[in-house]
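Inside the fold
Read off the chains here:
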Amino acid sequence: MRKKFLRVLIPLALLFLLSEYLYNVSPDSDKPNSSTLKVHIIDVGQGDSILVESDGQYMLIDAGEKVQSSTVIDYLEETGVKKIDYVIVTHPHSDHIGGLADVIDYFQIGKIIMPDVIHTTKTFENLLDTISKNELKLTKPIVGSEYAIGAASFIIIAPNSSYYDDLNNYSVGIKLIYDENSFIFTGDAETESENEMLKNGIDLDADVLKHGHHGSSTSSSERFLDAITPDISIISAGKDNQYGHPHVEILKAIEERKITLYRTDKEGTIVLESDGKNIRRVQ
């Protein structure tokens with residue numbers, strides 16, 4: 001009788017222990033991190049506007065011309081943005097800052113990072129008035145400063161000097177980092193500023209480069225491209241724009257390096273998604 005009882009009891013005990021193990025193992029224990037980083041290159045014609053989102057936090061880099069403000073606001077609303085944690089004003093040209101005043105009026109704003117340079121245009125004055133009206137403060141970009149955005153972070157890589165003859169070179173440049181993936185954004189920074197970035201000691205190697213100055217030959221020098229070694233290039237430019245952007249020299253350099261190229265003038269808004277290991281285009 002005892003042997004028969006043990007023959008029944010032992011399998012039942014093993015089954016009980018197995019069920020306890022299965023129910024106590026977290027269903028997510030073997031799953032990779034489900035967090036993602038999204039970078040939206042918004043099509044604003046001949047201009048720049050970039051939205052970065054990570055874990056419910058958002059950063060907006062520029063907002064195109066004034067006429068594009070509704071495009072940017074509508075896009076941000078559709079994406080679910082209620083607060084913009086960081087606004088980066090790369091430099092004072094209207095094709096980068098024109099839409100920002102309306103955006104700042106419309107959304108709750110966290111930190112505004114803006115270069116220490118003055119421009120005398122009405123567009124620039126309107127932006128400053130809007131910032132003041134909303135009782136917001138400006139943060140000067142200091143190279144090497146790091147900021148967290150959700151599960152990601154970014155580091156300021158430009159401007160590296162306090163005076164330039166060309167406003168483009170005041171452009172705030174950042175390196176956005178999410179685990180093993182990284183992105184470089186440099187506004188309209190030209191070769192002078194790029195050369196300074198190459199010397200400031202910050203590692204520029206990245207997976208994605210948003211080309212400076214809409215693919216102009218005054219930016220994206222050979223040395224700069226070779227330091228970044230991007231797998232993906234993005235150019236934000238207007239269709240059939242009067243400047244001939246992107247220039248053939250830049251397109252040739254991208255092709256020679258076998259870099260995957262995306263262009264807003266041909267493809268509209270571009271959205272890239274990173275899981276920290278791989279980057280894929282989702283739009």
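So, here's what we can say about the structure. (Residues numbered from 1 in each chain as written. Predicted model: local features only at pLDDT ≥ 70, side-chain atom pairs only at ≥ 80, totals over all residues. Heavy atoms only, no water.)

Within a sheet, neighbouring strands are paired by backbone hydrogen bonds and run either parallel or antiparallel to one another. A sheet is described by the order of its strands in space; here eight strands give the open sequence S6-S5-S4-S3-S2-S1-S14-S15, paired in mixed fashion. Two strands close off the open sheet at either side, each with one partner strand: strand S6 (138-139) and strand S15 (279-281). Here strand S5 (residues 108-113) runs beside S6; their pairing, made up of two bridges, is parallel. When the bridges of S6 are listed, Ile 112 appears paired with Leu 138. (Pairing = 2+ DSSP bridges. Helix = DSSP H or I, 4+ residues; strand = E, 2+ residues; numbered from the N terminus.)

Under the defined criterion, the tally for this structure stands at one cavity of 30 Å³ or more. Of the volumes computed, that of the largest cavity is approximately 30 Å³. Together, Ile 61, Ile 88, Thr 90, Val 172, Ile 174, Phe 185, Thr 186 and Gly 187 line the largest cavity. Its residues assigned to classes, the lining of the largest cavity shows five nonpolar, three polar and no charged. (1 Å grid on protein atoms, 1.4 Å probe; cavity = no way out; pocket = protein on both sides within 12 Å on 5 of 7 lines; lining within 4 Å. Points joined across faces, edges and corners; volume = space filled by probe spheres on them. Nonpolar A, V, L, I, M, F, W, Y, C, P; charged D, E, K, R; others polar.)

Turning to helix H8 (residues 248-256), its buried residues are Ile 250, Ala 253 and Ile 254. Along the axis of H8, the buried residues cluster in a sector spanning 100°; they form a single face. Across H8 from its buried face, at more than 90 degrees, point the exposed residues Val 248, Lys 252 and Glu 255. Contacts from the buried residues of H8 go to helix H7 (222-228), strand S12 (232-235) and strand S13 (260-263). Just past H8, the residue Lys 258 takes up positive phi, approximately 55°. (Buried < 20%, exposed > 50% of the residue type's maximum accessible area, 1.4 Å probe, protein only. Arc of directions from axis to C-beta. Contact = heavy atoms within 4.5 Å.)

Another point: the sheet that holds S13. If you trace the seven strands from one edge of the open sheet to the other, you get S7-S8-S9-S10-S11-S12-S13, paired in mixed fashion. The outermost strands of the open sheet, each flanked by one partner alone, are strand S7 (146-149) and S13. Between one strand axis and the next, the sheet turns by 20° as a mean value, whatever way the strands run. When strand S9 (residues 173-178) meets strand S10 (residues 181-185), the two strands line up antiparallel, connected through five bridges. (Axes fitted to C-alpha atoms, helices over the stretch in contact; angles between N-to-C directions.)

It is worth spelling out the environment of Asn 169 at this point. Note on placement: Asn 169 falls in the loop between strand S8 (152-158) and S9. Excluding residues within four positions of it along the chain, Asn 169 makes contact with Pro 159, Tyr 164, Ala 189, Glu 190, Glu 192 and Ser 193. Here Ser 193 takes part through its backbone nitrogen, which lies 3.5 Å from a polar atom of the side chain of Asn 169. (Polar contact = N/O pair within 3.5 Å; in protein donor to acceptor, adjacent residues only side chain to side chain.)

This part covers the pattern of salt bridges. Applying the stated rule across the entire model yields twelve salt bridges. Between Lys 277 and Glu 180 there is a salt bridge, with its nearest N and O atoms 3.0 Å apart. Taken together, the positions of Lys 277 in the loop between strand S14 (270-274) and S15 and Glu 180 in the loop between S9 and S10 put the pair 97 residues apart, joining distant regions of the chain. The exposure class assigned to Lys 277 is partly exposed, which follows from its relative accessible area of 43%. Note that Asp 226 is salt-bridged to Arg 257, the shortest N-O span being 2.9 Å. Of this pair, Asp 226 sits in helix H7 while Arg 257 sits in the loop between H8 and S13, and the two are 31 residues apart along the sequence. Relative accessible area serves as the criterion here: at 24%, Arg 257 is assigned to the partly exposed category. Beyond isolated ion pairs, a larger network of salt bridges with shared partners links Lys 38, Glu 273 and Arg 280. (Salt bridge = Lys/Arg side-chain N within 4 Å of Asp/Glu carboxyl O.)

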